[in-house]
Amino acid sequence: MTNVSYHISNLLEKMTSTDKDFRFMATNDLMMELQKDSIKLDEDSEKKVVKMLLKLLEDKNGEVQNLAVKCLGPLVSKVKEYQVETIVDSLCTNMLSDKEQLRDISSIGLKTVISELPPASTGSTMTANVCKKITAQLTGAIGKQEDVSVQLEALDILSDMLSRLGGMLYTFHSSILNCLLPQLTSPRLAVRKRAIIALGYLVLTCNGNIFSELMEHLLAELKRNESTSTTRTYIQCIAGISRQAGHRTGEYLEKIIPLVVRYCNVEDDELREYCFQAFESFVRRCPKEIGPHIPSVMGLCLKYITYDPNYNYDNEEEEEEEEMMETENGEDEEQESDDEYSDDDDISWKVRRSAAKCLEAIVGTRHDLLQDFYKTLSPVLIGRFKEREENVKADIFCAYISLLKQTQPIQSWLHASDAGGKEEIPLTMLQNQVPNIIKALHKQLKEKSIKSRQGCFSLLTELANVLPGCLADHISALMPGIIFSLADKSSSSNMRIDTLSFLHVLLCNHQPEVFHPHIKALLPPVVTCIGDPFYKITSEALLVTQQLVKVIRPLDKSCAFDAKPYVKDLFSGTLKRLKAADIDQEVKERAISCMGQIVCNLGDHLSGDLPPTLKIFLERLKNEITRLTTVKALTLIASSPLKIDLRPILGEGFPILASFLRKNQRALKLSTLTALDILIKNYSDSLKPAMVESVLTELPALISENDLHVSQVAIVFLTTLAKVYPSALSKISGSVLSELFQLVHSPLLQGGALNAIIDFFQALVITKTANMGYAELMKQLTSPIYASPGGASVTLHKQAYYSVAKCVAALSSACPKEATRVASQFIQDVKNPKSSAAVKMLAFLSLAEMGRTMNLSAQKELKTVILEAFASPSEEVKSAASYALGNISAGNLKEYLPFMLKEIGSQPKRQYLLLHSLKEVISSSPADGLKPYVEDIWALLFNHCECTEEGTRNVVAECLGKLALVNPSQLLPRLKKQLSSGSPHARSTVVTAIKFTISDQPQPIDLLLKGCIGDFLKTLQDPDLNVRRVALAMFNSAAHNKPSLIRDMLNTVLPHLYNETKIRRELIREVEMGPFKHTVDDGLDVRKAAFECMYSLLESCLDRLDIYEYLNHVEDGLKDHYDIRMLTFIMLARLSTLCPNAVLQRLERLIEPLRATCSTKVKAGSVKQEFEKQDELKRSAMRAVAALLTIPEVEKSPVMAEFSSQIRANPEMASLYESIQKDSASLPTTESMDMN
């Protein structure tokens, strides 16, 4: 301790030296000491250091002063509170000094101190006290100071403090307000500007009274309108406040808007600019409240975006006509006329720019007005593409691009199958305006200004993406501009990159024929760009070239265009880049892909150049960095219809490809398997057995349940091998087959991988390879089940039985001769009383799969065997028998269906199983086959729709729903009629049946459903709780699978949906369990269903929701039961990406429940489940917090800032937050998930 004091007093002594270098070095050393965490100062040293540093702030040498100021930062956290107050007092006094240098250094000092004060959440009182001291001094300084520079500094520091620690100064808020308001009329504009910034930070944390006092003052002043200059300031101030605290400004908009509209019409360009900036901030920050005023605001924007009083655009129209007649000299004349016109005082461009920005905000926030935009806004914007000010033009382009982005049809699986007509109208309107857009832009593509050209290209790129094919008729107008920008030596490299990327989009989105007339002119500049020294240009040019190759010789259709003259240039340009080893990774990869495309599409023109090029591919295949791209290029070449001769590289290439199957890189394995598959298909005659064997030895390791996709691709390769190169199959080692059988017996096998295995077995059994015939394969498939001990212990998972049964059926259909024998064997197995449950189950499932495709009517005992099995003690056997009956009937309706219906009528005990069989029949039979039986089935089902057993009712509902799809026009009205029936059971069955008619694929029933789904949704108001629950499930299914059914009804349905999210006290009851009382909430399931519907609507109907109303209910859910909180946390995370602005406005109310969840403690004696439950809840809440923190500008919210510092300060919360960050970093982003 004494050691430190000694060292520091030594330094302090040097600081008094007359030599400035000594003072400088000593201060520097002190700085180093203070930055150490370990340093502790005793009281005496503290005093001396503080005194010394304050003295050094007035040092004659500037460098010493600067260092002394820097020392204040670390010092604040090392000394006691009263010392910090001494520092602050001294700095505040110096701020008012006459010496300018001292004032400056003191204000820097104050900013340093403020930034180092510990945040409020640490609970230190120091910050609050110090801030109060500073505030009192500053407000005084701002109020009574004549010197402007002092005022400016003081305002600056005050803003700093309000933005970081505004919440602690609440006692001063009203005095700060009183001090700031008069500054808005200061004669100096800079002072007004800083006062506005400070007010912006104040409204973030001040209470409602102060906010309303501020707003009332501003409104009163605006009405008084003393002078244009102060009015400008007040409008700027309102805009600033709404930017910072939009959610609070909303309630005053009704009063503000008329005033701002009035000032738009005053002849003062600056005032107009501020008015539009205010409108823009209202549109972005108070989207709900500004709704009614959008038409008038838009009208003003459209009026003023063309406002250019000092320039006459009319003569341009005439000039255009003249230019059509003359050529070059027209341009020179225009140049001269431009120079004569110069008006530095003209600021009308600012009005146009702010109007354009405001329009961009409107377009971006009001997706629902798209059609109006295309009627009114689009033509005006297109008319303004001729704007003469570059900056304004850039904003007009941005506004139009924003309009195009809004028009882009939403790309998702949902809308692909469910494209409502609504999406189409704006696209058609846009299509009709394309000629005008091109007319307005094509001349500008040859202008000198690079900024305008880049704007044009980004607009055209967006246009080509939104409406593929829309520029087909205008290619000849665009080509000169494209070629000009590519060949223009004066263009910046960015200009060429933008042009190339537009060209790429253009080539991808249009038919090849439209480009053929222009290839001759377009190709040379593109090939020149391949040789450009800048790697980004080269890589873009290679992408374009790859697309061009597909254009000049499309392989998927015949084409009259002769590509021969261009092959040489394309080939040699790309070859140069392909050979170079010392270039950028991206260029290497694109050169490989591009050359692959050239060989694939033009290989027959390459003659002698082909073998050496393929040799280069072989080299690239051996290089770890380029191997994946090369494998893909080879796949492309091998699949080319030109039958490229690959023999020169197959011998050496095949073993290399085989070795890739060992590598620990999944993408490489998959691509290699695809490449091998194509090579075997197209080049089987050039392959030697040894080559194929090298691949076969690698396959067993790839077939496993750990990665079903790789397994599937490997099995597809094996199937190709069995079909094309059967001689290799005898070499398939036992290990490949044993892996396959293991996979068949895995519980995870399903879908694509299972189908691949089935195809493989069928292909294998046909080849008649030794010891892989029908009997051997059957034995291998079924042995684990037959070998299992005689008891009921089933060793395999249920899913495995279904897989084995499917394989058995596939083998039997490939060898029909064996099939009858096997079927009889299965029936014997079932009859044999000694057979285990597992054997019976497999027998029934296999008979089911066989019966679906074959006619089993020869087996006379089958019906009795199945009915006897319905009485089996094993549930598994019962359900397998019911599945078998259903599938066998589906394969032979005539014989089995009447029998099944008779049984359902006469056997009440077996009803449930028989109904399940009926469900199988309805699901898997074609509609035409079922038609004759529909009436009988329908009558039978309606007898059971009021059954008291819920399980049976559900099966009946599923049968009714799927049956309605067979003949919707007759059956749907019958379901609707049933809604008015008395019993709640019947109603719930009918509503559930409707749920089963909704699928994510287009169906003939959709149009009829759309007409009557409203009637079924009325059951959301049903008095019966259960009916409301199933109605919500049906609504959820519609929102998830076919949003178009309900989109237009949301206005009437949403209030009832929201009504179900409320907690109902009357449904909560207490149950006594022994000595304990336990509360049961009967309404929980309905609430849960309602919140699930809300979540589905987010994904599919976001544009139809009033998001603020929606958030009110999310907010209630955040305080509800565990299950519902889990759901609303997920909703909140989703909302913060979908509509961040709305969430920002509600942050204060949303954070509280999150904070409560994250900081709950579980009672010490609780059971393990309770701990796990709470943990899961906290994780989920923290995920929502992490999502909120990704919203742009969230850090401005004091509530959020305080919460995040609380998270950092609490070790438990901090570690939870970090682990969630890690999880989300390791997950792929949502975009890439959708793409897969």
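Caption draft 1: Expanded view of the state of the cysteines. Scanning the entire structure with this criterion turns up 0 disulfides. Cys92 provides the cysteine sulfur closest to Cys179, a residue in no disulfide bond, and the two sulfurs are 13 Å apart. There is no disulfide at Cys206, and the cysteine sulfur nearest it, in Cys237, is 12 Å away. Judged by relative accessible area, which is 3%, Cys206 ranks as buried.

Caption draft 2: Molecular detail of helix α12 (residues 228-244). With 17 residues, α12 extends 25 Å from end C-alpha to end C-alpha; this agrees with the ideal 24 Å at 1.5 Å per step. Of all 17 residues in α12, 12 are buried; the element is thus mostly enclosed. Turning to α12, its buried residues are Thr230, Thr231, Thr233, Tyr234, Ile235, Cys237, Ile238, Ala239, Gly240, Ile241, Ser242 and Gln244. Buried-residue contacts for α12 involve α10 (189-205), α11 (208-224), α13 (246-249), α14 (253-264) and α15 (269-285).

Caption draft 3: Up close: the nonpolar core. One finds Tyr400, Phe761, Leu918 and Leu975 to be the most contacted residues of the largest nonpolar core, which totals 430 residues. Beyond its immediate chain neighbours, meaning those up to four positions away, Phe761 contacts Phe741, Val744, Leu777, Leu781, Cys807 and Leu811.

Caption draft 4: Structural context of the packing of aromatic side chains. Counted according to the given criterion, the structure contains 13 aromatic pairs. Seen in terms of ring centroids, Phe561 and Tyr566 are 5.9 Å apart; in terms of plane orientation they differ by 0°. Their pairing is stacked. The buried category is assigned to Tyr566, whose relative accessible area is 15%. Look at Trp938 and Phe942: their rings are 5.4 Å apart centre to centre, the planes differ by 40°, and that puts the pair in the tilted class. Residue Trp938 and its partner Phe942 are located together in helix α49 (residues 934-943), separated by 4 residues, close to a single helical turn. One exposure class covers both Trp938 and Phe942, and it is buried. Ring pairs connect the aromatic residues Phe276, Phe279, Tyr304 and Tyr307, which therefore count as one cluster. The ring of Tyr896 is capped by Lys863, whose NZ or CZ atom sits 5.2 Å from the centre of that ring. Above the plane of the ring of Phe899 lies Lys863, whose end atom (NZ or CZ) is 5.0 Å from the centre.

Caption draft 5: Main features of the pattern of salt bridges. The full count for this structure, using the stated rule, is 57 salt bridges. For Glu950, the salt bridge is made with Arg1029, and the minimal N-O distance between the two is 3.2 Å. Separated by 79 residues along the polypeptide, Glu950 in helix α50 (residues 950-964) and Arg1029 in helix α54 (residues 1025-1041) bring together distant segments of the chain. Among the residues examined, Glu950 registers a relative accessible area of 35% and is labelled partly exposed. One connected set of salt bridges, linked through shared partners, spans Asp308, Asp346, Arg352, Arg384, Glu387 and Arg388.

Caption draft 6: Structural context of helix α55 (residues 1050-1059). The set of residues buried in α55 consists of Leu1050, Val1053, Leu1054, Leu1057 and Tyr1058. Considered in projection along α55, the buried side chains sweep an arc of 135° and stay on one side of the axis. Residues of α55 that are buried in the fold lie against α53 (1005-1017), α54, α56 (1084-1100) and α57 (1107-1117).

Caption draft 7: Inspection of the pairing of strand β1 (residues 1068-1073) at higher detail. Relative to strand β2 (residues 1076-1081), β1 runs antiparallel, the two sharing 6 bridges. Bridge pairing in β2 places Glu1072 opposite Lys1077. Where β1 hands over to β2, the hairpin turn is made up of 2 residues, of which Gly1074 adopts a positive phi near 60°.

Caption draft 8: Molecular detail of unusual backbone geometry. Of note, the phi angle at Ser607 is positive, near 35°, even though the residue is not glycine. Secondary-structure assignment places Ser607 in the loop between α31 (585-602) and α32 (610-622). Its identity is not glycine, yet Lys643 carries a phi of approximately 50°, on the positive side. As for its placement among the helices and strands, Lys643 is situated in the loop between α33 (627-638) and α34 (647-660). Accessibility expressed as a relative area gives 56% for Lys643, which makes it exposed.

Caption draft 9: A look at empty space enclosed by the protein. By the definition in use, this model includes 5 cavities of 30 Å³ or more. Taken as a whole, the largest cavity encloses approximately 250 Å³ of empty space. Lining the largest cavity we find 20 residues, and of these Leu204, Gln244, His247, Leu1144 and Ser1197 sit closest to its centre. Broken down by secondary-structure element, the contributors of at least two residues to the lining of the largest cavity are α10, α12, α13, α15, α59 (1140-1158) and α61 (1198-1209). It is α59 that contributes the most residues to the lining of the largest cavity, 5 residues altogether. In terms of residue class, the lining of the largest cavity is made up of 7 nonpolar, 6 polar and 7 charged. In this model, the second largest cavity occupies a volume close to 110 Å³. Forming the walls of the second largest cavity are 13 residues, and the residues nearest its centre are Leu634, Ile649, Leu650, Leu657 and Leu679. Sorting the residues of the lining of the second largest cavity by element identifies α33, α34 and α35 (666-683) as the ones contributing at least two each. Residue composition of the lining of the second largest cavity, grouped by class: 11 nonpolar, 2 polar and no charged.

Calculation criteria
Residue positions within a chain follow its written sequence, with the count starting from 1. In keeping with the model being predicted, local features are shown solely for residues with a pLDDT of at least 70 and side-chain atom pairs are shown and tallied solely at 80 or more, while totals for entire chains, interfaces and linings include all residues. To obtain the side-chain values, all non-hydrogen atoms of the structure were included, while hydrogens and water were left out. Two cysteine sulfur atoms form a disulfide, by the criterion used here, when they sit within 2.5 Å. With a 1.4 Å probe rolled over the protein chains alone, any residue whose accessible area is under 20% of its type maximum counts as buried; one over 50% counts as exposed, and the rest are partly exposed. Labels follow the DSSP assignment, with helices taken as runs of H or I lasting at least four residues and strands as runs of E lasting at least two, numbered in each case from the N terminus. One fewer than the residue count of a helix, multiplied by 1.5 Å, yields its expected span. Whether two residues touch is decided by their heavy atoms; if any such pair falls within 4.5 Å, the residues are in contact. Nonpolar core, defined: a set of buried Ala, Val, Leu, Ile, Met, Phe, Trp, Tyr and Cys residues in which side-chain atoms within 4.5 Å join the residues together. The pairing test for Phe, Tyr and Trp rings, Trp by its six-membered ring, is centres within 6.5 Å, and the orientation test on the planes gives stacked under 30 degrees, edge-to-face over 60, and tilted for anything in between. Any Lys NZ or Arg CZ that is within 6 Å of a ring centre and within 35 degrees of that ring's normal is treated as a charge sitting over the ring. Basic side-chain nitrogens of Lys or Arg form a salt bridge, by our definition, when they fall within 4 Å of a carboxyl oxygen of Asp or Glu. It is the directions from the helix axis to the C-beta atoms whose arc is reported. Two strands pair under a simple rule: DSSP has to find at least two bridges between them. Cavities and pockets were defined on a 1 Å grid built from protein atoms only: a cavity is a group of points that admits a 1.4 Å probe but offers it no way out, a pocket is an open group of points flanked by protein on both sides within 12 Å along at least five of seven lines, and a lining residue is one with an atom within 4 Å of any such point. Grid points are joined across faces, edges and corners, and a volume is the space filled by probe spheres set on the points. Classification convention: Asp, Glu, Lys, Arg as charged; Ala, Val, Leu, Ile, Met, Phe, Trp, Tyr, Cys, Pro as nonpolar; all other residues, Gly among them, as polar.

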